[in-house]
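Residue-level structural notes
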Amino acid sequence: WEAVRSLTDCRRALSQIRTASQVPVFVGARGERFNRWASEAADGVLIAGVPLPFIGNVVDCARSVRRIEVSLLIPVCFTDSQLETFRHDQRSVLLEQTPEAREALGADSAALNAGEDPNDTVLAACGLWGTTGSIVDRLRWLVARFQPTTIGVALPVEGLIDNIDRATEVFAGLQSRS
């Protein structure tokens, strides 16, 4: 009932926004119902915090009624220290997933519940890390596969200034044709 009421409230709010503004309206949601609704009512969706293997399903739902814009935000790590912080943070994110989703990602629910951090295989489903070239290659694959209107990278706070420089290199690599 709560989800239906929320969806009704969102429809009402979106109609008020549309009449008051010419600003494109994007919906940020992970669930199927809100993304299907976004396909009907919004100009686009912002997909963030979704494990990489599940992005396709979210995009399909968001474009189920009509082709709307998709903005992807993908977490990246550039250093081992950032990766270990990300690994630790992803433990709680994975615990918020359904048991079926954790199983699909190869996450060990018992180990996560016992306080263990996810292994590299599971972590690779949650974000990108490695060399600039390897991150560019993975982002190119995501762009080719899902055809987003925009793609962004979620940067770790640790080493933020250096991360901005690295992100600049990543985006330059995405723009090049090599």
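For the structure, see preceding data.
As a starting point, this report considers the structure included with it. In this text the structure is predicted, and so the values were computed from the model without any measurement.

The next point concerns the overall build of the chain. For the chain, the count of helices and strands is 9 helices and 5 strands. Tracing the chain from N to C terminus, the helices and strands come up as α-β-α-β-α-β-α-α-α-α-β-α-β-α. For the chain, the residues scored as buried account for 38% of the 178 residues in total. Of the contacts formed within the chain by residues at least 6 apart in sequence, a portion of 65% connects residues at least 24 apart. Here the chain displays about 10,000 Å² of accessible surface, and carbon together with sulfur accounts for 54% of that area.

Turning to the environment of Arg 140, a few remarks are in order. Here Arg 140 shows up in helix H8 (residues 132-146). Classification of Arg 140 as partly exposed rests on a relative accessible area of 25%. Separated by 33 residues in sequence, Arg 140 and Gly 173 place their C-alpha atoms 9.4 Å apart. A distance of 2.9 Å separates the side chain of Arg 140 from the backbone oxygen of Ser 176, its partner in a polar contact.

Our next topic: unusual backbone geometry. With a phi close to 50°, Gln 147 is a non-glycine residue in the positive phi region. Structurally, the position occupied by Gln 147 is in the loop between H8 and strand S5 (150-154). Taking the relative accessible area as the measure of exposure, Gln 147 reaches 47% and is therefore partly exposed.

Bringing the packing of aromatic side chains into the picture now. Any aromatic ring pair is given by two values, namely how distant the centres are and how the planes are angled relative to each other. On inspection of all chains with the given rule, the structure shows 2 aromatic pairs. Aromatic pair Phe 34 and Trp 37: ring centres 6.2 Å apart, planes at 85°, arrangement edge-to-face. Of the two residues, Phe 34 and Trp 37 are both situated in helix H2 (residues 32-41); the distance of 3 residues between them amounts to about one turn of the helix. A residue is classified by how much of its surface remains accessible, and Phe 34, at 25% relative accessible area, is partly exposed.

Let's shift gears to the pairing of strand S2 (residues 44-48). Bridge count for strand S1 (residues 26-27) against S2 is 2 bridges, and the pairing is parallel. From the neighbouring strand, Phe 26 faces S2, where its bridge partner is Gly 44. As a crossover connection, the stretch from S1 through H2 into S2 is right-handed. In this structure, S2 lies alongside strand S3 (residues 69-77), joined through 5 bridges in parallel fashion. Bridge pairing in S3 places Ala 48 opposite Leu 73.

This part is about the nonpolar core. Ranked by size, the top nonpolar core spans 31 residues in total, and within it Ile 47, Ile 55, Ile 74 and Leu 139 carry the most contacts. Broken down by secondary-structure element, the contributors of at least two residues to this core are H2, S2, helix H3 (55-62), S3, H8, S5 and helix H9 (160-175). By residue number, the principal contributor to this core is H8, which donates 5 residues. In this view, Leu 139 contacts Ile 74, Leu 128, Ile 151, Val 153, Val 170 and Leu 174; residues no more than four positions away in its chain are not counted. By size, the runner-up hydrophobic cluster in this structure holds 11 residues, among which are Leu 83, Leu 94, Ala 125 and Cys 126.

Together, Leu 160, Ile 161 and Ile 164 line one region of the surface with nonpolar side chains, adding up to about 280 Å² of accessible area. Within the fold, Ile 161 resides in helix H9. Here Ile 161 falls in the exposed class, since its relative accessible area comes to 60%.

Parameters and conventions
Residues numbered from 1 in each chain as written. Predicted model: local features only at pLDDT ≥ 70, side-chain atom pairs only at ≥ 80, totals over all residues. Heavy atoms only, no water. Helix = DSSP H or I, 4+ residues; strand = E, 2+ residues; numbered from the N terminus. Buried < 20%, exposed > 50% of the residue type's maximum accessible area, 1.4 Å probe, protein only. Contact = heavy atoms within 4.5 Å. Areas by Shrake-Rupley, 256 points an atom, 1.4 Å probe, with all protein chains shown as cover. Polar contact = N/O pair within 3.5 Å; in protein donor to acceptor, adjacent residues only side chain to side chain. Phe/Tyr/Trp six-rings, centres within 6.5 Å; stacked < 30°, edge-to-face > 60°. Pairing = 2+ DSSP bridges. Right-handed = clockwise from strand over helix to strand, strands pointing away. Core = buried A, V, L, I, M, F, W, Y, C linked by side-chain atoms within 4.5 Å. Patch = residues over 30% accessible without salt bridge, like charges linked within 9 Å, V, L, I, M, F, W, Y side chains within 5 Å. Salt bridge = Lys/Arg side-chain N within 4 Å of Asp/Glu carboxyl O.

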